[in-house]
Amino acid sequence: MNRRLLPFFGVAALTTLLAGCIYVSAPRPAESRLPPSPGGQVAQTAAPSSTATPLAPSPSASSPPDADALDCGDGSRTVSGAEQSFRVTGTCTELTVAGSALTVDASAATVGTLRISGDRIRVQVAGADEVIVQGDDGAVFSAAGIGRIEIEGDRTTTEAASGIPSVTVRGHDNVVRSGGGVGSAVVSGSGNKIR
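Residues numbered from 1 in each chain as written. Predicted model: local features only at pLDDT ≥ 70, side-chain atom pairs only at ≥ 80, totals over all residues. Heavy atoms only, no water.

### A word on the overall build of the chain
Keep this limit in mind: Secondary structure is summarised from DSSP: a helix means a run of H or I of at least four residues, a strand means a run of E of at least two, and numbering begins at the N terminus for each. A 1.4 Å probe rolled over the protein chains alone gives each residue an accessible area, and that area as a share of the maximum for its type sets the label: buried under 20%, exposed over 50%, partly exposed in between. Contacts are assigned to residue pairs with any non-hydrogen atoms lying within 4.5 Å of each other. Surface exposure here means Shrake-Rupley accessible area, sampled with a 1.4 Å probe, where a residue is shielded only by the protein chains that are shown.
In terms of helices and strands, the chain carries one helix and 15 strands. Relative to its full complement of 195 residues, the chain shows a buried share of 27%. Long-range pairs, those at least 24 residues apart, make up 3% of the contacts in the chain with a sequence separation of at least 6. When the accessible surface of the chain is split by element, carbon and sulfur atoms take 55% of a total near 12600 Å².

### A few points about the pairing of strand S10 (residues 146-152)
To keep things clear, this is the line we draw: Any two strands with at least two DSSP bridges between them are considered paired.
As paired elements, strand S8 (residues 128-134) and S10 share six bridges and run parallel to each other. Counted as the bridge partner of glutamate 130 is arginine 148 from S10. As judged from the five bridges shared by S10 and strand S12 (residues 164-170), these two strands associate in the parallel manner. Its bridge partner lying in S12, glutamate 152 is registered against arginine 170.

### As for the state of the cysteines
Put simply, the rule reads: Any pair of cysteine sulfurs within 2.5 Å is marked as a disulfide.
Using the criterion set out here, one finds one disulfide in the structure. Across a sulfur-sulfur distance of 1.9 Å, cysteine 72 and cysteine 92 are joined as a disulfide pair. Taking the sign of the torsion about the S-S bond as the criterion, the disulfide between cysteine 72 and cysteine 92, at about 85 degrees, is right-handed. Residue cysteine 72 is found in the loop between strand S3 (70-71) and strand S4 (76-82), and its partner cysteine 92 is found in strand S5 (residues 85-100); the two are separated by 20 residues along the sequence. Take cysteine 72 and cysteine 92: they sit in the same class, and that class is buried.

### A closer look at the nonpolar core
We apply this condition: By nonpolar core we mean a set of buried residues, namely Ala, Val, Leu, Ile, Met, Phe, Trp, Tyr and Cys, connected to one another through side-chain atoms within 4.5 Å.
The biggest cluster of nonpolar side chains holds 28 residues, and the ones touching the most others in it are Val88, Leu95, Val97, Val111, Leu114, Val123 and Val131. Counting residues per element, the ones that place at least two in this core are S5, strand S6 (103-119), strand S7 (122-125), S8, S10 and S12. Element by element, the count of residues in this core is highest for S6, at six residues. Discounting residues that sit within four places of it in the chain, leucine 114 has contacts with Leu95, Val97, Val123, Val125, Glu130, Val131, Ile132 and Val140.

### Focus: the environment of arginine 77
By the secondary structure assignment, arginine 77 is in strand S4. Look at arginine 77 and you get partly exposed, because its relative accessible area is 28%. Between the C-alpha atom of arginine 77 and that of valine 88, which follows or precedes it by 11 residues, the distance is 8.9 Å. If we ignore the near neighbours within four places in the chain, the residues touching arginine 77 are Leu70, Asp71, Cys72, Glu94, Leu95 and Thr96.

So yeah, pure geometry; function would need other evidence.
Structure follows, in C-alpha cells:
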C-alpha cells in the first residue's frame, strides 16, 4: 500500500513546491509628480485619468508627403517581394510587380505598361495603356480606362472606371469589368465574366 501512495505524495509535494514559487501581484496605479508652481508651492500628486486625449499629428516640415513612395522617374520600375505594400509615383513607362501577396498603390503614377507576375497581387492605378497579368487571385483597379488587358491565370479581377478596348483572357473564373464597356474580347477557359 505504501508503494502505491509514494508517487502520489511525490506529485503533491512537487505541486506545493511549484505553487510557492508563483507570485502574482495586483497592478498598482501609476502616479506622476507635477513640477513646483511658480509661487514656490509644492505641487500635489496627480493620479492618471481614465480617459486619454489623443494628440493631433503635427505636420513635418522636413519630409515631403511622398517620402515613402518609390519613384519611377521617367522610366521603368520593378517592385517585388512577398506580403508587402508599396506606393509608386512618377511616370512609369513600364511598372513590373512580381511576388506574392503584394499591394501596390500606383494611383499617383502615370503607367504605360503594368506587368504583374505572381499570386495574390493587388494593384491600384490611375490608368494604364496596357495591363498584363500572369498569376492567380490578383486584382487590378483603375480610376480611368485601360487600353488593353491580357490575363493568363485564374481568379483575377480587373476593374476600370471607363472603357477597355481589348481583352484577352486565358484561364478560369476571371472577372473583367468596365464602366465604359469592353471592346473586343478573346476568352479561353471556363467561368470567366467579361462585362
